[in-house]
Amino acid sequence: MKILLMGNPNVGKSVIFSRLTGTNVIASNYPGTTVEFTKGKMNFEGKRVDVIDVPGTYTLEATTKAEEVAVEMLAEGDIIIDVVDATHLERNLYLTLQLLERDRPVVVALNLWDESKHIGIEIDVKKLENLLGVPVIPTVAVTGEGIKELVSKLPAAAPGTLRHTEEERWCAVGDIVGQVQKVMHRHHTVLERLGDASVRPVTGVPLAVCVLLFTFLVIRIVGEGLIGYVFDPLFELYRPLMVMLGDWLGPGIARTILIGPGEEIEFMEAMGLLTTGLYVPFGAVLPYVFAFYLVLGFLEDSGYLPRLAVLVDNVFHRLGLQRLAIIPMLLGLGCNVPGALATRMLETKRQRFIAGTLMAIAVPCMAQLAVIAVLAGSHGAGALATVFVTLAVVWIVLGVLLDRVISGESPEIFMEIPPYRVPYWGALLKKLLMRIRCFITEAVPFVLLGVLLVNVLYALGVIGFIGEYTAPIVTGLLGLPQEAVGALVIGFLRKDVAVGMLLPLALSAKQAVIASVVLAMYFPCVATFAILVRELGIKDMMKSAAIMIASALLVGGVLNLVL
Amino acid sequence: MIPLTELGKGNLGVIVQIRGGHGFHRKMACLGLRVGKTVRNMTAIRGGPIVIEVEGTQIAIGRGMASKVLVEAI
């Protein structure tokens, strides 16, 4: 048996969902789409039944992919809980009437009931119930008010008997609203004033800068805190086990692949499947992913993201990047993995491709920043500034180029800006857990596979072979010494090691700048690469990688000529 | 009769015509933009999307779409 939660976006569906279900919730993609929905279980009439949080939709005459999915899912539902925003009854009732025409038992949850009273809206629930012919229960999902009653009314769910054409439906909605709703005088709340301030450029831009700085700061503090105090100590406990395993295996191919070639076990650099393969996803990336999702959940549920999107749409539209594209970019600064995961929020494949490629090329992560700081930083502020200005210029120029070259269009912005709300911690936590689980089951295997592949290629000497053939490019085009070839090839997947190999070469300031820019641009780390493969697909990732390498060589070559 | 984009910041207008196909009308109706509804322009960002308020809901709408919604300023 399946109970579906349906309703417009931003009506508190997920909060009702987290109230109804236990901890065992999973997010999955609807087959053949990137549309995500969540599923959980609840007890109903002595049985465990499925509860599905269907993607928000305004109408059953689907206009977007998410709405198409919602319509398809409707067919599988045994009971529909239609979540209605009591503060916007008219717009919400349109979907309600459509649901009532589908011969499915429906119960209406009149959510945000408290908010509607606050802003002076009075709704006659009994009358609404009579007009619709199905149970209507006022709820305040955030506090849990009305949830019990909602569950107790599920058996009374009834299919509607009304039938309308599109035009009649709007008339019927107007008619119902006229009969049941009274609007009193309303006054602006503090949150509403804040809402206005965050889309007005004069106040919105400084606010956005503050929010993003804060976001970045929280991600770093939480991420680094987790690494320093939780994950690194855990891996230290794990180290003796690896030493023992290494001794037991003895030197040879098995040890090289499982633990790594060196004598010492460096979790970040050994490149063994059981050392680096586990450390990269769990010890280095998971802490940032956790921190990123924590902040993202808060920003989503508070209603800030749509405002940020409106604010930056102006600039980003010219880059072919719309709506949330700024989030992947900014979150990539620090660790590219959360940025790569965040590209999933983008609506079209084209948007995801541009955002993912741009981020991997021009947005340096902590490791890349360290490379830049060490290599270019040793030659003074001028060299550092040259590297960052180059990356910024590349970001803009490449963004415009990709927008021109890649076919397809980015849809214009058209969305509701929900009022600011204080997020409900229960729903936040549930979402966080679900996303972490998703990262571990979906992304980690890719990272392991990536590490294994590099490891095997390295052991087989393929990477050294590539090095020999690319030597003329490195020395001729980029003007770097012959010895830098090995470092750049290693840097494909181990930027930190590359620095170690480049430092003893005593590069000139010009060479250091070129090496820093090329190292930052030409390829992301194994983890980011693996996740981009998953998000973009192997074919698009190949194209993206080609763009990365080509632009790194081009920019490196140009720097070699002009500096 | 002027396009929504021309409605000055803070001004009210009544939608008199929505230029576009059936799908476009539907899309607009979903967020409450229908002929006869009163809208208020909330922002005046140059070139970017505009933010309007209709029936107590704020909506961000791209300039291209907004120019197809015609209003009578009041």
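Source: prediction; values computed, not measured.

Novice: Now, about the pairing of strand E5 (residues 57–61) of chain B: what can you tell me, with residues and values included?
Specialist: Taking burial as the measure, the 5 residues of E5(B) include 5 buried ones, the bulk of the element. By the alternation rule, side chains of E5(B) split into Thr57(B), Ile59(B) and Ile61(B) and Gln58(B) and Ala60(B), which are all buried. Looking at chain direction, strand E10 (residues 414–417) of chain A and E5(B) are connected through 4 bridges and run antiparallel. Residue pairing across strands places Phe414(A) opposite Ile61(B), the latter belonging to E5(B). Strand direction decides the pairing type here: strand E4 (residues 50–54) of chain B and E5(B), joined by 5 bridges, are antiparallel. The partner of Val51(B) across the bridge, within E5(B), is Ala60(B). Remark: 2 residues form the turn of the hairpin made by E4(B) and E5(B), two consecutive strands paired antiparallel; Glu55(B) in that turn has positive phi of roughly 50°.

Novice: Please set out the interface of chain A and chain B residue by residue, giving values where relevant.
Specialist: Each partner contributes to the interface: chain A provides 21 residues, whereas chain B provides 31 residues. Between chain A and chain B, roughly 2,500 Å² of surface is buried when both sides are summed, and carbon and sulfur atoms account for 62% of that area. Counting the surface chain A buries against chain B, the share from its top three residues, Trp170(A), Glu412(A) and Phe414(A), is 28%. Summed over the shared surface of chain A and chain B, the number is 4 salt bridges. Notably, a salt bridge pairs Glu90(A) with Lys37(B), separated by 2.9 Å at the nearest N-O pair. On the surface where chain A and chain B come into contact, there are 10 residue pairs in polar contact (both at pLDDT 80 or more). Elements represented by at least two residues in the side of chain A that touches chain B include exactly helix H3 (89–100), helix H7 (166–180), helix H8 (190–199), helix H12 (304–317) and E10 of chain A. The element contributing the most residues to the side of chain A that touches chain B is E10(A), with 4 residues.

Novice: Explain the packing of aromatic side chains to me, using residue names and the numbers behind them.
Specialist: In this description, a pair of aromatic rings is defined by centroid distance and the angle of the planes. The tally for this structure, following the rule as stated, stands at 6 aromatic pairs over all chains. Measuring from centroid to centroid gives 5.0 Å for Phe235(A) and Tyr279(A), while their planes differ by 80°, and the two rings are edge-to-face. Taken as a pair, Phe235(A) in helix H9 (residues 201–249) and Tyr279(A) in helix H11 (residues 276–302) lie far apart in primary sequence, 44 residues in all. Looking at Tyr279(A), the relative accessible area reads 10%, which means it is buried. With 5.0 Å between their ring centres and 50° between their planes, Phe465(A) and Tyr469(A) make a pair best called tilted. Residue Phe465(A) and its partner Tyr469(A) are located together in helix H19 (residues 462–477), separated by 4 residues, close to a single helical turn. In this structure Tyr469(A) comes out as exposed when scored by relative accessible area, which is 59%. What links up through ring pairs into an aromatic cluster is the set Phe235(A), Tyr238(A) and Tyr279(A). When the ring centre of Trp170(A) is taken as origin, the NZ or CZ atom of Arg34(B), which lies over that ring, is 3.8 Å away.

Novice: Got a sec to walk through the packing of helix H22 (residues 509–521) of chain A against helix H24 (residues 538–562) of chain A? Specific residues and values, please.
Specialist: All names here are of chain A. Packing of H22 against H24 leaves a shortest axis separation of 9 Å and a crossing angle of 165°. Taken together, the axes of H22 and H24 lie roughly antiparallel to each other. Along this stretch, H22 crosses H24, giving a crossing that reads as right-handed. Across from Lys510, Val513, Ile514, Val517, Val518 and Met521 in H22, the residues of H24 making contact are Met548, Ser551, Ala552, Val555, Gly556, Leu559 and Asn560. Here the residues of the contact of H22 with H24 sort into 9 nonpolar, 3 polar and 1 charged.

Novice: Lay out unusual backbone geometry in plain terms, naming residues and giving numbers.
Specialist: One non-glycine residue with positive phi stands out, namely Leu112(A), at about 60°. Its place among the elements puts Leu112(A) in the loop between strand E6 (106–111) and helix H4 (113–118). According to the relative accessible area criterion, Leu112(A) is buried, its value standing at 9%. Located in the positive-phi region is Glu55(B), a residue other than glycine, with phi close to 50°. Tracing the sequence through the fold places Glu55(B) in the loop between E4 and E5. Residue Glu55(B) is classed as partly exposed on the basis of its relative accessible area, which comes to 29%.

Novice: Any details on the pairing of strand E3 (residues 36–44) of chain A? Residues and values, ideally.
Specialist: Residue and element names in this part refer to chain A. Where E3 lies against strand E4 (residues 47–53), 7 bridges are found, and the strand directions are antiparallel. Residue pairing for E4: Thr38 is matched across the bridge by Asp53. The antiparallel hairpin formed by E3 and E4 contains 2 residues in its connecting segment, where Glu45 sits at a positive phi of about 50°.

Novice: Report on H7(A), specifying residues and quantitative values.
Specialist: An ideal rise of 1.5 Å per residue puts 21 Å on 15 residues; H7(A) measures up with 21 Å between its terminal C-alpha atoms. On the buried face of H7(A), the contacting elements are H3, strand E7 (121–123), helix H5 (125–132) and strand E9 (181–183) of chain A together with helix H1 (22–30) of chain B.

Novice: Residue-level account of the side chain of Glu416(A), with values.
Specialist: One can find Glu416(A) in strand E10. Side-chain polar atoms of Glu416(A) contact the side chain of Tyr58(A), separated by 3.1 Å. Engagement of the side chain of Glu416(A) in a polar contact is seen with the side chain of Arg91(A), the distance being 3.0 Å. Look past the residues within four positions of Glu416(A) in its chain and what remains in contact with it is Pro9(A), Asn10(A), Tyr58(A), Arg91(A), Pro306(A), Leu31(B), Thr57(B), Gln58(B) and Ile59(B).

Novice: Tell me what's going on with H22(A), and back it up with residues and numbers.
Specialist: Residue and element names in this part refer to chain A. Under the 1.5 Å per step criterion, the end-to-end length of H22 is 18 Å for 13 residues, consistent within 8% with the ideal 18 Å. Along H22, 11 of the 13 residues are buried, which leaves the element largely enclosed by surrounding structure. Along H22, the positions that sit buried rather than exposed are Gln511, Ala512, Val513, Ile514, Ala515, Ser516, Val517, Val518, Leu519, Ala520 and Met521.

Novice: Go over the confidence of the model for chain B, please, and point to the residues and values.
Specialist: Residues and elements named next belong to chain B. Overall, the prediction assigns chain B a mean pLDDT of 87, with 95% of residues at 70 or greater. Of all secondary-structure elements in chain B, the lowest mean pLDDT belongs to H1, at 87, while strand E2 (residues 12–18) reaches the highest, 94. This complex was scored by the predictor with a pTM of 0.74 and an ipTM of 0.92.

Novice: Can you tell me about the nonpolar core, naming the residues and giving the values?
Specialist: Residue and element names in this part refer to chain A. One finds Val337 and Phe439 to be the most contacted residues of the largest nonpolar core, which totals 103 residues. Counting residues per element, this core draws most heavily on H11, at 13 residues. Apart from the residues within four sequence positions on either side, Phe439 is in contact with Pro281, Val285, Leu286, Val289, Val337, Leu341, Val444 and Ile531. Of all hydrophobic cores here, the second largest spans 42 residues; its members include Leu95, Trp170, Ala172 and Val173.

Novice: Break down a nonpolar patch on the surface for me, with residues and values.
Specialist: All names here are of chain A. Together, Leu453, Leu457, Leu460, Val462, Phe465, Ile466 and Tyr469 give the surface a local cluster of nonpolar side chains, amounting to about 700 Å² of exposed area. Elements that contribute at least two residues to the nonpolar patch include exactly helix H18 (425–459) and H19. Of all the elements, H19 adds the most residues to the nonpolar patch, at 4 residues.

Novice: Could you give an account of the pattern of salt bridges, with specific residues and numbers?
Specialist: Close approach of charged atoms allows side chains of opposite charge to pair. Considering all chains together, one arrives at 21 salt bridges over all chains under this definition. Two residues, Asp50(A) and Lys41(A), come together in a salt bridge whose shortest N-O distance is 3.0 Å. Judged by its relative accessible area of 14%, Asp50(A) falls in the buried class. Glu166(A) is the partner of Arg26(B) in a salt bridge, and the nearest nitrogen-oxygen pair spans 3.0 Å. Of this pair, Arg26(B) sits in helix H1 while Glu166(A) sits in helix H7, on two different chains. Its relative accessible area of 25% is what places Arg26(B) among the partly exposed residues.

About the criteria used
Residues numbered from 1 in each chain as written. Chains lettered and ligands numbered in written order. Predicted model: local features only at pLDDT ≥ 70, side-chain atom pairs only at ≥ 80, totals over all residues. Heavy atoms only, no water. Buried < 20%, exposed > 50% of the residue type's maximum accessible area, 1.4 Å probe, protein only. Helix = DSSP H or I, 4+ residues; strand = E, 2+ residues; numbered from the N terminus. Pairing = 2+ DSSP bridges. Contact = heavy atoms within 4.5 Å. Buried area = accessible area lost by both parts, 1.4 Å probe. Salt bridge = Lys/Arg side-chain N within 4 Å of Asp/Glu carboxyl O. Polar contact = N/O pair within 3.5 Å; in protein donor to acceptor, adjacent residues only side chain to side chain. Phe/Tyr/Trp six-rings, centres within 6.5 Å; stacked < 30°, edge-to-face > 60°. Lys NZ or Arg CZ within 6 Å of the ring centre and 35° of its normal. Axes fitted to C-alpha atoms, helices over the stretch in contact; angles between N-to-C directions. Parallel < 35°, antiparallel > 145°, perpendicular 65-115°, else oblique. Left-handed = near helix turned anticlockwise from the far one by under 90°. Nonpolar A, V, L, I, M, F, W, Y, C, P; charged D, E, K, R; others polar. Expected span 1.5 Å × (residues − 1). pLDDT = per-residue confidence, 0-100. Core = buried A, V, L, I, M, F, W, Y, C linked by side-chain atoms within 4.5 Å. Patch = residues over 30% accessible without salt bridge, like charges linked within 9 Å, V, L, I, M, F, W, Y side chains within 5 Å. Areas by Shrake-Rupley, 256 points an atom, 1.4 Å probe, with all protein chains shown as cover.

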